[in-house]
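# Summary of structural features
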Amino acid sequence: MMLTDVTSCKELVARFRESVPADKGLLLDFGGCVVQALCSTDTLRDELAAYFKEFVTPSGSPDIVVSAHEADPPETGLDFSVKQPDSGKTKIKEEWADLEDGRVVRKRLTGMHFVFGQGENATIGPCLANSNQVINFINNRFIEWKLNLGGLLGHAAGVAHHGRGISLAGFSGAGKSTLALHLMSRGTTFISNDRVMVEQNGNGLTMFGVAKQPRINPGTALHNPDLCNIVEPDMRRDFLAMPPEELWRLEHKYDALIDECYGPGRFMLRHTMNALVILNWTRGGGSMKVSMVDPLERADLLAAFMRDTGLFYLPADPERAKGPDVGDYARMLGRADLIEISGGIDFEGASTVCLHYMATGELPENQL
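This report concerns the structure included in the present document. (Residues numbered from 1 in each chain as written. Predicted model: local features only at pLDDT ≥ 70, side-chain atom pairs only at ≥ 80, totals over all residues. Heavy atoms only, no water.)

## Quick look at helix α1 (residues 9-19)
- Turning to α1, its buried residues number three or more, namely Cys9, Leu12, Val13 and Phe16. Angularly, the buried residues of α1 cover 90 degrees about the axis, an arc narrow enough to put them on a single face. Pointing more than 90 degrees away from the buried face of α1 are the exposed residues Lys10 and Glu18.
- Considering only its buried residues, α1 is in contact with β3 (64-70), β5 (94-99), β6 (102-107), β7 (113-117) and β8 (120-125). (Buried < 20%, exposed > 50% of the residue type's maximum accessible area, 1.4 Å probe, protein only. Helix = DSSP H or I, 4+ residues; strand = E, 2+ residues; numbered from the N terminus. Arc of directions from axis to C-beta. Contact = heavy atoms within 4.5 Å.)

Next comes the structure, spelled out in structure tokens:
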């Protein structure tokens, strides 16, 4: 569709809602936030229902409405700006244009358009061929909703057990998702794989996860008996023949569906956050070390948890446009325990430490 005179998100979305109606509905409950996903095709609605199956709800008044319109990539004539690649990467993936009432993000490779602002949330383009991008957009709408209520975004996984919850963060390649899945094999409940939103709850904290199934590398899968069958037998031989460092750096991902790998009822999106565990370890770093630290004194560790909100966040309050600083994170995280795990990488040892903490609220004496 050629749209060369669009000046607002509301107008852009209205044209597609008229020409490609999205009337196949699905309700999702994300930790108390009800999201209504409206699709123009039954096939996409069914794909979303299968992916979000643990969060489908039969009723509820939606806090967020997202519509998905199957169409050829639209021609809008908008003057897009290029989003520069993240550090260490060179490929340009996204462009954006800010309109009077919101933002349009365009994916360069697929032509998918994502429109949001002032209550409008729509994805337009070849949605069926890019359902993963529709899923990400729905999750991003939830993230924005939570942040606009005053939460902070963390780059972390999350699990819970015995009524206590922990977030797991780490510097690049530290293995937060791997540790989370090791803990899942030992009985925990999954909260999130890569993002958490943290908000104050009295004197403590509540964390909200994102309904995104873990995507893991072959090294994580092969060294976890609950996950190893994800890898094809012929590929397993090739991966095991690789040097360990090469295997862990490999850009090859598998979806680890929580209910299929660990059983139903093991994925929830809201829990108290009693501690943040920072993985500050390295391969060949000797014996694993564990310590309780003060976030106000160890701002260097908080960089592992702090996360830029990115293109898909438009703050409702313009004062939040600059984003929180390290002091904001330190003050928020001071309401929970901050645990540093350093030395050498030891997933089994770290799992034992985390399980002991979730059972007792304390670190094991032999690790102090």
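## Quick look at helix α2 (residues 42-51)
- The complete set of buried residues in α2 reads Leu44, Leu48 and Tyr51. When α2 is viewed along its axis, its buried side chains cluster within an angular range of 65 degrees and face the same direction.
- Where the residues of α2 are buried, they touch β1 (24-30), β2 (33-39), β3 and α3 (131-148).

## Concerning the nonpolar core
- Judged by nonpolar contacts, the single largest core of 99 residues is most densely connected at Phe30, Leu48, Ile138, Ile166 and Phe305.
- Those residues within four positions of Ile138 in sequence are excluded, and the remaining contacts are Leu28, Phe30, Val35, Ala37, Leu48, Phe52 and Val66.
- Counting residues in each nonpolar core, the second largest holds 15 residues, with Val6, Leu78, Phe80 and Leu99 among its members. (Core = buried A, V, L, I, M, F, W, Y, C linked by side-chain atoms within 4.5 Å.)

## Remarks on the sheet that holds β3
- Pairing is mixed in the open sheet, where eight strands are placed in the order β1-β2-β3-β8-β7-β6-β5-β4. Taken across any chain shown, the strands that pair with only one partner, and hence form the sheet edges, are β1 and β4 (81-82).
- Direction of pairing for β5 relative to β6: antiparallel, over a ladder of six bridges. Looking across to β6, one finds that Glu94 is bridged to Lys107.
- The strands touched by α2 within the sheet are β1, β2 and β3, with β1 carrying the most contacts at an inclination of about 15 degrees.
- Across the face of the sheet, α3 comes into contact with β1, β2, β3, β6, β7 and β8 while running at roughly 160 degrees to β3. (Pairing = 2+ DSSP bridges. Axes fitted to C-alpha atoms, helices over the stretch in contact; angles between N-to-C directions.)

## Re the side chain of Asn139
- Inspection of the secondary structure puts Asn139 in helix α3.
- Excluding residues within four positions of it along the chain, Asn139 makes contact with Phe30, Phe52, Val210, Ala211 and Lys212.

## Points about the side chain of Thr189
- Mapped onto the elements of the fold, Thr189 is located in strand β12 (residues 189-192).
- Those residues in contact with Thr189, other than ones at most four positions away along the chain, are Gly158, Val159, Ala160, Met184, Arg266, Phe267 and Met268.

## Quick look at the sheet that holds strand β17 (residues 270-272)
- With respect to topology, four strands assemble into an open sheet ordered β9-β13-β14-β17, the strand pairing being antiparallel. With partners counted over all chains shown, the strands left at the sheet margins are β9 (152-154) and β17, one partner each. For this sheet, the mean inter-axis angle between neighbouring strands, taken without regard to orientation, is 30 degrees.
- Most of the contacts of helix α10 (residues 326-333) go to β9, to which it runs at about 90 degrees, and overall it touches β9, β13 (196-201) and β14 (204-208).

## Brief notes about the pairing of β8
- Among the six residues that make up β8, six are buried, leaving the element largely enclosed by the rest of the structure.
- Neither face of β8 is open: one carries Glu120, Ala122 and Ile124, the other Asn121, Thr123 and Gly125, and all of them are buried.
- Sheet analysis places β3 next to β8, joined by four bridges and oriented parallel. Among the inter-strand pairings, His69 is bridged to a residue of β8, identified as Ile124.
- Count of turn residues in the β7/β8 antiparallel hairpin: two residues, of which Gln118 carries a positive phi of about 50 degrees.

## Here we look at the packing of helix α4 (residues 176-184) against helix α11 (residues 347-360)
- Direction vectors running N to C along α4 and α11 enclose 65 degrees, while the axes themselves pass 9 Å from each other. Handedness of the crossing formed by α4 with α11: right-handed. Of the residues in α11, those touching α4 at Thr178, Leu179, His182 and Leu183 are Phe347, Glu348, Ala350, Ser351, Cys354, Leu355 and Met358. (Left-handed = near helix turned anticlockwise from the far one by under 90°.)

## Looking at the packing of aromatic side chains
- Enumeration according to the criterion identifies 13 aromatic pairs in this entry.
- Note on Phe114 and Phe312: the rings are 5.8 Å apart at their centroids and 75 degrees apart in plane angle, and the pair reads as edge-to-face. A residue pair is termed long-range when its members are at least 10 positions apart, and Phe114 in strand β7 and Phe312 in the loop between α9 (299-302) and α10 qualify at 198 residues.
- The class for Phe114 is buried, based on a relative accessible area of 1%. (Phe/Tyr/Trp six-rings, centres within 6.5 Å; stacked < 30°, edge-to-face > 60°.)

Remember that the coordinates give geometry; whether it matters functionally is a separate question.
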